[in-house]
Every structure is written in C-alpha cells, then in structure tokens.
Amino acid sequence: MKLNRKDILAIKELKKDEIELILDTAESFREVAERDIKKVPTLRGKTVINLFFEASTRTRSSFEIAGKRMSADVINISASTSSTVKGETLIDTAKNLQAMNPDIIVLRHPSSGAPALIASQVNASIINAGDGCHEHPSQALLDLLTIRQAKGRVAGLRVAIIGDIAHSRVARSNIYGLKTMGAEVAVAGLPTMIPCEIEKMGVKVFNSIDAAIEGADVIMMLRIQKERMDGPLFPTEREYSMLFGLNSKRLEKAKKDVAIMHPGPINRGVEISPDVVDGPSSVILNQVANGLAVRMALLFLLSGGRHEVDA
Amino acid sequence: MKTAICGGRLIDPSQDIDGLFDIIIENDLVSDIVKPGMVKDVDNIINAKGLVVIPGIVDIHIHLRDPGYEYKEDIASGTMAAAAGGVTSVACMANTKPVNDNASVTADIIRRSRESGHVKVYPIGAMTKGLKGDELAEIACMKEAGIVAVSDDGLPVNSAEIMRRGLEYSLGLDLPVISHAEEPSLSKGGSMNEGYRSTVMGLQGIPNASEDIMVMRDIALAELTGARLHIAHISSEAAVRFVREAKTRGVRVTAEAAPHHFVLTEEALEGYDANTKMNPPLRCLKDVEAIKAGLKDGTIDAVATDHAPHTTIEKDVEFDKAACGIIGLETLLPLTLSLVDEGVLSLDEAVRKLTINPANIIGIKGGSLKEGMPADIAIIDIDTSYRYDKSKVKSKSNNTPFDGWEMKGRAAYTIVNGKIVYKGESYE
C-alpha cells in the first residue's frame, strides 16, 4: 500500500486505513533500531529539512535520527539561525528552501496553520511537527502505536487525556486519531484549560481527574506548558498538582493494567509524580522509541515508499 | 446644465418613493422628480430603463489609509472603489499615520479629497490623542475643520471615564461617538471567534462577551450623558439585544452591521485564509441570525463596510500574525441586496440602510433625492449576476474572502454632484 498524500498536516484529515498503514510501516522499522548497524539505504539521495521555529529536543532529534538511519541528508534549521530573525516571511523562507529542492520539510511553528500556509507554496512534502495549539500528528501516531503495542488494539479502549487541553496540540491530534481508530476519549482539566465546545469533538469532559481515570485503559498526562500561559489559568503549581497531578494514590482507581503516557518533557512532581513516571504502568520511554519508528515511516511513505502487507 | 435620468424605478426611502419616476438634475442639485414622459428641455438624458435609481450610498465606516499607508489604499483609489460600488459618500476612520486627531490632519484629508477624490469624503476624528485612549483630542477644532463624528475605531476606549467624557464633550458639539466595542482584556491574543472552530483550529478565540460588555458599558454611558452613541460593526447576538432594549428605553443609540457579519460565519476560517480574519471576528450562525433580525426590526440602522485594505505583506503570513479586516466597498451593494433575495429586508428597507439612515447618523446632506439635495445618485442593476473577481477591484488592495463568489446586483452609474464618476461596462 502507498500513502497518497503530499503532506501530513493534521490527523483530522487522515482516514483509518491511512493511520493503519503508517502504524504498520512503523512496526516494520522498529527492528532497524535494534540492529548493530542502524542504517538502511532506503532514502539515499533524499533531502529532509527540519525547520524548527520553536524549541524542541525530542521531536527534532527524532526526525533527524529517523532521516539519518534511512540515509537521507538531514539539515536542521532553527528559528535563531533562520532568516526570519532578519525579517523574512515564512512563505519566503519556504520558497527559498524549495529552490534547493528538498524532498521533505518538517516544520514546527508556534502559529496554528503555519504548515498549511507553506504546503500550498512548495512542492516538497510538509510534515507538521507541531503548529501552535492546533495539531502534532507524529506525536499522535506514536501514541497510537504505543497503545496498540501495550494493549494489542486501540478500538474500544477508554483513554483519558488529562491537563491543559486548551493549549495542547497533542490533545487535539490524539482526540482525532483515537476517535478515528475507535477508542472512547475522556478529557479532564481545570475549567480554565478546557476549550470551548470540545465535547463536539466527540469526547467526554470531566472536571476531576479521579472521575476521568476511573476505568481508563490508558491515561495520557499533558505537560503544563508554562511558555503558553499568558493568563491566569491557575494560581500555583502546588494547587494544580493537588487537583490534577497523577500520583500512585490516584492511580489505584484506574485499571490494574492501565498504561500511563506523557508526551514529554515531564515536569516531575507537577502533573505527574516521579514514582508514576518510573513505575511499572509507565510506557513513556516506549513512546520515545516508537516516535523514531513512526517518523521513519512518515519519511518513507511520503517519499513514495510502499508497505508490502504480505511480502 | 440640465440632466435627466429617465425610465428607471426610483426608490428613495427618505420620501417614501418607490415607482417609475424620472429625476431632473440641475447643475449639481436634484431639481425635480417627475412622472415618465414629462421631461423636456434637458441637455442630457441618462437612460435608466430596467435599472433602479437610488440616492448615492453612504458608507459611514471605511479606512482610506491616507495619509500614511498609501501602499494599501489612498484617497484616489479608495474613493474610486467607492464609486464602483455605487457609494457617493464615505466617512473615513482616524487610524491613519499621523492619526487624524487634530484639525490640520482633518483639513489635509478634506483638501486632498477635493483634489483627488471621486466621491465625497467625511473624516471621522479620533476621540483621544493618538488613539491612545487617555486624553481627549481637540474635537472642537476638528469639527471646525470638518469631522462628522469621533471614534477611536480599531481600538477600544479602555477607560470608562474617558469614554464618558468623550461622549459628554461630543454632545456639546452635536457629534456622534462611534464605539468600537471590544473589551481588550478578553480579546487579547485572539485571532478568531471563540467557539468550536477556534478549539479545532487551535487559535485563541475572542468571546462574544468581549463585545457584549463594551456595548453594555457604552449604552450605560450614553444613558448617563444623553450623548449620541453609534455602535460600529455589531457582530454578536447579545449586543444586538442590548441595542434593541436600549432603543426601546429611548437611549440615543444607533448601530451598523458589516456585510461580512451577516453573510459569513466562523466556518469560513477553515483552511486558515487570512482574508477571513477580522475584528470583530466572524461569529456563529446564531449571531448572523440575530444581526439579520436586528436589521429587519430596525435595531440596526445601517449597513457599513469597515472597508479595511491590507496588502499581501500583512495578509500572506501566519494566521495569528495577519492583520484584521477586508475590503468591502465594491461588494457592499450585492451583499446587502442578498438580504432582499433572502426575504430579510424589502428593497426599500435595504436602500434605507444604505442611504438616508447612515446619512442621518453622521448628519450629512446626502442619502436623499429630495428637491435641492446634492445630486448624489446611484443607478443600480439589481438583476445582473456575475462572478466577483478580486483581480479586477478598484481598491489598491484585494484582501477579500469573496473572490470567485457569484454576486447579484451592481452599480451601473454613480453620480456625485450631478457628474458621472463611475459607469459600469456594458451600460451605454
């Protein structure tokens, strides 16, 4: 099967069979990471540009390693080194990069909709690596892969997403991805963190973490994003932690085999206690490993690669 | 010099006329309205057969960008766009560079409009110095120079006390105060309506409450002071309700709506096209319905464009960084007429909201074809359909969400002071 898309801008646009194709392809790439020589020639001669306008360690290095393991030439451009600091517009930056004919541009940008803006202007494939509070498709895909591994399926599971939903692109992409794959989604957070009419996205809304995690198969904790807080959403970290922090006592109410996830970076002791992060239910580091496989799959499929189901 | 417009259907709500009448212009004034076939001894006849003759449209809310932002629009291009839209009088907002907050800027705009304008230009003065919201501008001096209203449009007047004093001061000068109703602490950082769509798009929303609170505040202040308050670009359901309720209590408040607020909803933002970004933002269906109801029952007195030219420099950027606003002068007439097709307004009511009502709000001689009035006339073709093409606009900017839309109705001739300033292709 082939992915018939130029860009990956949003999980909202992806159909179930497309998500399955990406996850299946990612599974087959996981093995590469376990080899002694972790490099395959699949994308030799392809150029991938990581264009990052926001700080990122995990996502940027994950895309970089993914490209390099498949022998693509990977170039990293970050906001401080790009010409935008000299006043260049995003469209001009994209057009200038296009003139050098890259195959894929991976874009992280603080403005929602920025990947769509440049996708219409360049021939290269655009992968949205997180835009504002809109979407973060590769994160949701790696989360789906992690859930599928931990639980053997996604359909029919109960997933609780806890934290600052309003400012979270991870939450939005996961809601779309989980709903498309047939999971039941609950969200919970302080009322100041629940965006307007989110229930129309097909999720249940709780204003207590205890109610949301009761009976959940998967709990996704979101990071409290201090850099996105420009208003008084909550008084102190202590109070947030008291109301919405996940700790082992609260976890007693969840299912015994619950899987705990977090997109990182973690604020230990704020949204999640250290014993839960490092405890037996945590699949947080599996997420990171799967992130690499999912990004390899995205680069591969957008370069025209096929995944042979029964080859 | 005598000219007659013959064969058309004349609609002039200011004198309750709707019928087949010919109109005689002597020099720059309307001299008579006569039954068909009664015209004689004229120098010139304009054939309006099959067309509708109305008073020239009065748009009381536009941004000419001149002085200071002439790369977006200037007096010549903005008034040409007006003429092409059947608009014969415009009132331009003060957020130019320099700001129109003193008599010399006012006088400069008026002088240059006489030189290069195609229609009549009535400046609106800033209420506060530099639109900063903390000290009153020299409103009386600006009035002597020719302003017709005061407003800090584009920016809300943050301090209730300054708004109160501005209303009181303007009352003494018999000027209306135009309120751009927005509570800035609620709209800060927002780039669209707050609702389901802002949740999905991950953009910070501006809640209706931002507008509602300020409309409520300014109505209370109008009531306190007895001054004339005009609410610009009303966009929220509750704001319409507040104005309706205030009017029934006799508060001196009027309101205008912009076509985009009754034609589009926030659904238009899908795809992040910055030409759908405005302030106030496009809102929901219930708000659109409320605006239509407000237009129908007279709560909303006028339709005005908030014509806000911006170039690709301001618009072809990330959505949250893009400037707010769209051009509107050339789409005002067809979008307002769409309310007639929908059955919201009668043709007479639609014309009223484009002519005599806005003229009365800013107190200008216009919007009427009574004998002795200036011969400012639009001859419009209400039946013609066409595809609106943004590459053909007269404005210097083409920031519009309506490109490619099927429109019905356009100006055939626009006449200012008895002279044809615009003639549509395919009209003699």
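As the structure is a prediction and not an experimental result, all values here were calculated from the model.

Colleague: Please clarify how the overall build of chain A should be interpreted in this entry.
Modeller: A count of helical and extended segments in chain A gives 11 helices and nine strands. For chain A, the C-alpha radius of gyration of 19 Å lies close to 19 Å, the compact-globule estimate for 311 residues. In terms of overall dimensions, chain A has C-alpha extents of about 55 × 50 × 35 Å along its principal axes. Split into buried and exposed, the 311 residues of chain A put 49% on the buried side. Nonlocal contacts in chain A, meaning residues at least 24 apart in sequence, comprise 76% of its contacts between residues at least 6 apart.

Colleague: Just checking my understanding: could you explain the sheet that holds strand 4 (residues 22–26) of chain B for this structure?
Modeller: Working definition: the strands of a sheet are paired by backbone hydrogen bonds and lie parallel or antiparallel to each other. Residue and element names in this part refer to chain B. The four strands are arranged 5-4-1-6 in an open sheet whose pairing can be described as mixed. Pairing within the sheet leaves two strands with one partner each, and these edge strands are strand 5 (29–34) and strand 6 (44–47). This sheet shows a mean twist of 20° between the axes of neighbouring strands, independent of strand direction. Two strands pair when backbone bridges link them, and strand 4 and strand 5 are joined in this way by five bridges, in the antiparallel orientation. Bridged to Glu26 within strand 5 is Leu29.

Colleague: Any chance you could explain the interface of chain A and chain B here in plain terms?
Modeller: When the parts come together, some accessible area is lost, and that loss is often what is quoted as the size of the interface. With 21 residues of chain A at the interface, the matching set in chain B holds 18 residues. Elements that contribute at least two residues to the side of chain A that touches chain B include exactly helix 3 (90–98), helix 4 (114–119) and helix 6 (169–180) of chain A. It is helix 4 of chain A that contributes the most residues to the side of chain A that touches chain B, three residues altogether. Broken down by class, the residue content of the side of chain A that touches chain B amounts to nine nonpolar, six polar and six charged.

Colleague: I tried to follow the pairing of strand 20 (residues 419–423) of chain B on my own but got confused; where do I start?
Modeller: Every other side chain in a regular strand lies on the same face of the sheet, so the side chains alternate between the two faces. Residues and elements named next belong to chain B. Where strand 19 (residues 406–416) meets strand 20, four bridges bridge the pair, whose relative direction is antiparallel. Paired with Tyr413 across the bridge in strand 20 is Lys423. Between the antiparallel neighbours strand 19 and strand 20 lie two residues, among them Asn417 with a positive phi of about 50°.

Colleague: Can you help me understand the nonpolar core in this one?
Modeller: Here is a general trend for soluble globular proteins: nonpolar side chains tend to be buried in one another's company. Core analysis: the biggest nonpolar cluster contains 232 residues, and Ala160, Ile162, Ile219 and Leu299 of chain A together with Ile23 of chain B have the highest contact counts within it. For this core, the element with the most residues is helix 11 (residues 284–302) of chain A, which contributes 11 residues. Sequence-distant contacts of Leu299 of chain A, that is, excluding residues within four places in its chain, are made with Leu43, Val48, Ala66, Gly67, Met70, Ala72 and Ile104 of chain A.

Colleague: Help me out: how do you make sense of the sheet that holds strand 8 (residues 57–62) of chain B in this one?
Modeller: All names here are of chain B. Spatially, the three strands line up as an open sheet ordered 8-9-10, and their pairing is parallel. Two strands in the sheet have a free side with no partner beyond their single neighbour: strand 8 and strand 10 (120–123). Each neighbouring strand pair of the sheet contributes to a mean axis angle of 20°, computed without reference to strand direction. Packing against the sheet, helix 1 (residues 75–84) makes contact with strand 8, strand 9 (87–92) and strand 10, and its axis sits at approximately 135° to strand 9.

Colleague: Is there a simple way to explain unusual backbone geometry in this structure?
Modeller: For residues other than glycine, phi is negative in most cases, and the peptide bonds are mostly trans. Looking along the chain, the bond that leaves Gly264 of chain A and enters Pro265 of chain A is cis, with omega of -10°. Along the polypeptide, Pro265 of chain A turns up in the loop between strand 9 (259–261) and helix 10 (274–277). Cis geometry is found at the peptide bond from Asn279 of chain B to Pro280 of chain B, where omega equals -5°. With respect to the helices and strands, Pro280 of chain B occurs in the loop between helix 9 (259–263) and helix 10 (285–297).

Colleague: Sorry if this is basic, but what is going on with the environment of Val317 of chain B here?
Modeller: Here Val317 of chain B shows up in the loop between helix 11 (312–315) and helix 12 (332–341). With 18 C-beta atoms counted inside 10 Å, the residue Val317 of chain B sits in the partly exposed group. On a C-alpha basis, the gap between Val317 of chain B and Asp74 of chain B in space is 23 Å, while along the polypeptide they are 243 residues apart. In this structure, Val317 of chain B is in contact with Thr89 and Leu90 of chain A together with Ala322 of chain B, ignoring residues within four places of it in sequence.

Rules of the game
Residues numbered from 1 in each chain as written. Chains lettered and ligands numbered in written order. Predicted model: local features only at pLDDT ≥ 70, side-chain atom pairs only at ≥ 80, totals over all residues. Helix = DSSP H or I, 4+ residues; strand = E, 2+ residues; numbered from the N terminus. Rg over C-alpha atoms; globule rule 2.2 N^0.38 Å. Buried ≥ 20, exposed ≤ 12 C-beta atoms within 10 Å, placed from the backbone. Contact = placed C-beta atoms within 7 Å. Pairing = 2+ DSSP bridges. Axes fitted to C-alpha atoms, helices over the stretch in contact; angles between N-to-C directions. Nonpolar A, V, L, I, M, F, W, Y, C, P; charged D, E, K, R; others polar. Core = buried A, V, L, I, M, F, W, Y, C linked by C-beta atoms within 7 Å.

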